[in-house]
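# Working through the structure, step by step
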Amino acid sequence: MAIVVGYVPTKEGRAALRRAADESLLRKTKLIVINSNRGGKDYDTKEAERFEAELKNVQGELDEVGIEHEVRQLVRGNEPAEDLIAVAEEVSADFIVIGLRRRTPVGKLILGSNAQRILLDASCPVLAVKAEA
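Described in the following lines is the structure provided in the data block. (Residues numbered from 1 in each chain as written. Predicted model: local features only at pLDDT ≥ 70, side-chain atom pairs only at ≥ 80, totals over all residues. Heavy atoms only, no water.)

### Describing the packing of helix α3 (residues 80-90) against helix α5 (residues 114-121)
At a minimum axis separation of 8 Å, α3 and α5 run at an interaxial angle of 30 degrees. What the angle tells us is that α3 and α5 run roughly parallel. Note on packing geometry: the crossing formed by α3 with α5 is right-handed. Residues P80, A81, E82, L84 and I85 of α3 lie in contact with α5, whose contacting residues are N114, R117, I118 and D121. Partitioning the contact of α3 with α5 into residue classes produces five nonpolar, one polar and three charged. (Axes fitted to C-alpha atoms, helices over the stretch in contact; angles between N-to-C directions. Helix = DSSP H or I, 4+ residues; strand = E, 2+ residues; numbered from the N terminus. Parallel < 35°, antiparallel > 145°, perpendicular 65-115°, else oblique. Left-handed = near helix turned anticlockwise from the far one by under 90°. Contact = heavy atoms within 4.5 Å. Nonpolar A, V, L, I, M, F, W, Y, C, P; charged D, E, K, R; others polar.)

Written as C-alpha cells, this is what we have:
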C-alpha cells in the first residue's frame, strides 16, 4: 500500500506534501509524489527544468527524514486528476493527498476543478489540505 500525493511547487502543493509525508511516517507507508503536466506545444522547457530541480529537492528532503518514496514527473497529455487517480489505482493507494486553493465560482466554471474530479472519481479516500494563510 502507499500514499499518493499530487505535488506542484506552490504553497498548496507544499502543504499537501508535508501532510502526506507526516502520514507516511505515521503509517510506515511508501509515499508516491506525482507532478503531472499536460505537455504538448504549451509545455515550457524552462518550467519543466524548474519542476525537475524542485522534485530533486523533494527527493532529498524525503531521503533526509527516511521516508520510503518514489517521485514521478508525468507528461502524458492527461489532466492531473487523471494521472493521480490512475497512479492511486495502479499502486492500490491507501489514500490520495491533494492541496486546495481558493477559486472564484467563475474560475471553477471556466477552468474546471482537478480537486473536485479527484474527490468525486477516486476509488480510495482523498485527504484535501489547505495551505496555511
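### Description of the side chain of S36
Considering the arrangement of structural elements, one finds S36 in strand β2 (residues 30-37). Judged by its relative accessible area of 11%, S36 falls in the buried class. Here the side chain of S36 touches D83 through a polar contact of 2.5 Å, side chain to side chain. (Buried < 20%, exposed > 50% of the residue type's maximum accessible area, 1.4 Å probe, protein only. Polar contact = N/O pair within 3.5 Å; in protein donor to acceptor, adjacent residues only side chain to side chain.)

### A short note on a negative patch on the surface
A cluster of acidic side chains, namely D44, E47, E49 and E52, defines a negative patch on the protein surface. Checked against the element boundaries, D44 lands in the loop between β2 and α2 (45-65). (Patch = residues over 30% accessible without salt bridge, like charges linked within 9 Å, V, L, I, M, F, W, Y side chains within 5 Å. Areas by Shrake-Rupley, 256 points an atom, 1.4 Å probe, with all protein chains shown as cover. Salt bridge = Lys/Arg side-chain N within 4 Å of Asp/Glu carboxyl O. Lys, Arg positive; Asp, Glu negative; His and termini not counted. Charge placed at Lys NZ, Arg CZ, Asp CG, Glu CD.)

### Overview of the pairing of strand β4 (residues 95-100)
Two elements, strand β1 (residues 2-6) and β4, share three bridges in a ladder whose sense is parallel. Within the sheet, the bridge partner assigned to V4 lies in β4 and is I96. As paired elements, β4 and strand β5 (residues 126-130) share five bridges and run parallel to each other. Residue pairing across strands places G99 opposite V129, the latter belonging to β5. (Pairing = 2+ DSSP bridges.)

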